[in-house]
Amino acid sequence: MEEAARGYDPVIKTVEASFYQDECREVTIVNSNGLKGSYRGSHCLLYVSPLAVKDGEAQSSSEYELSRNLSELSPREIAVRAAAKAKKLLGGKTIKTCSLPVVYSARAASEFLAEIAAAANANAVLKGRSLFADKLGSQVAAAAVNIVDNGLLENGIATAPFDDEGVNSQNTEVISGGTLRSYLHNTYTASRMGQLSTGNASRSGYRGLPGIGASNFTLEPGSKTEDEIIGSLSRGLYLERIMNVGGINPVSGDYSVGATGFFIENGRLAYPVQKITVASNVLTMLRNIAAIADNLKFIPTHRGVCGAPTILFQEMTICGL
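Since the structure is predicted, the reported quantities are computational estimates derived from the model, not experimental observations.

> Can you help me understand the overall build of the protein in this one?
Helix and strand counts for the protein stand at 7 helices and 18 strands. For 321 residues, the compact-globule formula gives about 20 Å, and the C-alpha radius of gyration of the protein, at 21 Å, lands near that figure. Seen through its C-alpha atoms, the protein measures out along the principal axes to roughly 65 × 45 × 35 Å. In the protein, which comprises 321 residues, the proportion classed as buried is 51%.

> It is not clear to me how unusual backbone geometry should be interpreted in this structure. Could you clarify?
Leave glycine aside and you will find that most residues have negative phi; peptide bonds, for their part, are mostly trans. One non-glycine residue, Asp 55, adopts positive backbone phi at about 50°. Owing to a relative accessible area of 76%, Asp 55 belongs among the exposed residues under this scheme. The phi dihedral of Asn 266 is positive, around 50°, even though this residue is not glycine. Position of Asn 266 relative to the elements: it lies in the loop between strand S13 (254-265) and strand S14 (268-281). We classify Asn 266 as exposed; its relative accessible area is 68%.

> Help me out: how do you make sense of the nonpolar core in this one?
Side chains of a nonpolar character, in soluble globular proteins, are inclined to be buried together. Tyr 104, Phe 132, Phe 217 and Tyr 255 are the most contacted members of the largest nonpolar core, which has 54 residues in total. When residues of this core are assigned to their parent elements, the largest contribution, 8 residues, is made by helix H3 (residues 106-119). For Phe 217, the residues in contact, after removing those within four places along its chain, are Leu 113, Ile 116, Ala 117, Ile 147, Val 148, Asp 149, Val 174, Leu 184, Phe 298, Val 305, Cys 306 and Gly 307. Counting 17 residues, the second largest nonpolar core, distinct from the first, contains Val 11, Leu 73, Ala 82 and Leu 90.

> How should I be thinking about the packing of aromatic side chains in this particular structure?
Two aromatic rings are characterised by how far apart their centres lie and by the angle between their planes. Across all of its chains, the model carries 8 aromatic pairs by this definition. For the pair Phe 19 and Tyr 47, a centre-to-centre distance of 5.1 Å together with 20° between the ring planes defines the contact as stacked. Note that Phe 19 is positioned in strand S1 (residues 12-30) and Tyr 47 in strand S2 (residues 36-54), a separation of 28 residues in sequence. The partly exposed category is assigned to Phe 19, whose relative accessible area is 36%. Between Tyr 39 and Phe 162, the ring centres sit 5.2 Å apart and the planes meet at 80°, which makes this aromatic pair edge-to-face. Note that Tyr 39 is positioned in strand S2 and Phe 162 in the loop between strand S6 (147-150) and strand S7 (171-176), a separation of 123 residues in sequence. Residues Tyr 39 and Phe 162 agree in their burial class; the two are buried. Chaining the aromatic ring pairs together yields one cluster made of Tyr 104, Phe 112, Tyr 255 and Phe 313. Note that Lys 93 overlies the ring of Tyr 271, its terminal NZ or CZ placed 4.3 Å from the centroid. The ring of Tyr 64 carries Lys 297 above its face, with NZ or CZ at 5.1 Å from the centroid.

> It is not clear to me how the environment of Leu 312 should be interpreted in this structure. Could you clarify?
Inspection of the secondary structure assignment puts Leu 312 in strand S18 (residues 311-319). Counting along the chain gives 203 residues from Leu 312 to Ala 109, while the straight-line C-alpha distance between them is 9.4 Å. Among all residues touching Leu 312, those that are not within four sequence positions of it are Pro 101, Val 102, Val 103, Ile 229, Leu 233, Asn 288, Ile 289, Ala 290 and Ala 291.

> Quick question: what am I supposed to make of the sheet that holds strand S16 (residues 297-301) here?
The pairing of strands in a sheet comes from backbone hydrogen bonds and takes either a parallel or an antiparallel form. Pairing within the open sheet is mixed, and its 6 strands lie in the order S8-S7-S6-S11-S17-S16. Two strands in the sheet have a free side with no partner beyond their single neighbour: strand S8 (179-180) and S16. Pairing of strand S11 (residues 214-219) with strand S17 (residues 304-308) involves 3 bridges; the strand directions are parallel. Pairing of Ala 214 across the sheet is with Gly 304, part of S17.

> It is not clear to me how the pattern of salt bridges should be interpreted in this structure. Could you clarify?
Proximity of charged atoms lets side chains of opposite charge pair with each other. One pass over the full model with this rule turns up 12 salt bridges. Salt-bridge contacts for Arg 81 lead to Glu 63; the nearest nitrogen and oxygen are separated by 3.3 Å. With Arg 81 in helix H2 (residues 75-88) and Glu 63 in strand S4 (residues 63-67), this pair connects stretches of sequence that are 18 residues apart. The class for Glu 63 is buried, based on a relative accessible area of 12%. Sharing partners across several salt bridges, the network here consists of Glu 63, Glu 65, Glu 77, Arg 81, Lys 85 and Glu 240.

> What exactly am I supposed to notice about the layout of surface pockets here?
Left-over empty space is what a probe sized like a water molecule reveals as it rolls over the atoms. The computed volume of the largest pocket comes to approximately 800 Å³. If you trace the largest pocket, you find 30 residues lining it, with Glu 63, Tyr 64, Arg 81, Leu 296 and Lys 297 closest to the centre. Listed by contribution, the elements that provide at least two residues to the lining of the largest pocket are S4, H2, H3, strand S12 (235-243) and S16. Per-element tally for the lining of the largest pocket: the top contributor is S4, with 5 residues.

About the thresholds
- Residues numbered from 1 in each chain as written.
- Predicted model: local features only at pLDDT ≥ 70, side-chain atom pairs only at ≥ 80, totals over all residues.
- Heavy atoms only, no water.
- Helix = DSSP H or I, 4+ residues; strand = E, 2+ residues; numbered from the N terminus.
- Rg over C-alpha atoms; globule rule 2.2 N^0.38 Å.
- Buried < 20%, exposed > 50% of the residue type's maximum accessible area, 1.4 Å probe, protein only.
- Core = buried A, V, L, I, M, F, W, Y, C linked by side-chain atoms within 4.5 Å.
- Contact = heavy atoms within 4.5 Å.
- Phe/Tyr/Trp six-rings, centres within 6.5 Å; stacked < 30°, edge-to-face > 60°.
- Lys NZ or Arg CZ within 6 Å of the ring centre and 35° of its normal.
- Pairing = 2+ DSSP bridges.
- Salt bridge = Lys/Arg side-chain N within 4 Å of Asp/Glu carboxyl O.
- 1 Å grid on protein atoms, 1.4 Å probe; cavity = no way out; pocket = protein on both sides within 12 Å on 5 of 7 lines; lining within 4 Å.
- Points joined across faces, edges and corners; volume = space filled by probe spheres on them.

The following block contains the structure:
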């Protein structure tokens, strides 16, 4: 990966990080109710972050691939993608504060989706720390939005036969047709709310009580390509990367994160932009999803494994100069 990134273009002066990791694990659960179950799982990860330098300016980028199988990873391909992004970000400008359509790359969208997973956590709902509290059965997103938590997804990174309490994994409709259908439960929160566990119990070991974690939490893809979504805009912003992930009030849904990306003019990426902040409200963003692409990407997040394609938000505030 380092060799491929350095060889892409002379502006790539160094590679800040380049690594491979894998994990094989075996989980066994036994309890006093007669449950005894076991399964094995694995995943492997490639990551590379090249640095482009020109005329005293430095821009870094990163790419990674995550899979259940080593044979599905493409080290040279992701290195070239990362190097190309770092080069394109050189010469970035700031822009004046305005409101525009904003396109989130699949990676940025997956990071945004992690905040939706947090809001769907039934434990957060019970504690009054979720913007989805008291909204079951309500329209919380555009009609095209369908979000599932699928613990049975074929070759999914978080796929398992049962959760960390031994409850069978399932495919849970969290948002369907824009309507909030379910929270994510373990047996404790399910009992408190008079529901059944959704198979989302999560624990780091036997020493602690189980919490709740997302399992292949997915915004289902649409039919358009990313290029078609970008091409539909006369002016807008394409977000490549989000910084300060988690810049969100979990109760009100107020959302503000730093970002880098590209300004869109006449259906194409015109020039890079930097030192900007995008702001809105999570519920407003969900309701203003105007298009969903077909390029689903899964990433590990602090909320669990989340996957989303490129998405277009009808309007957000962009804070620049």
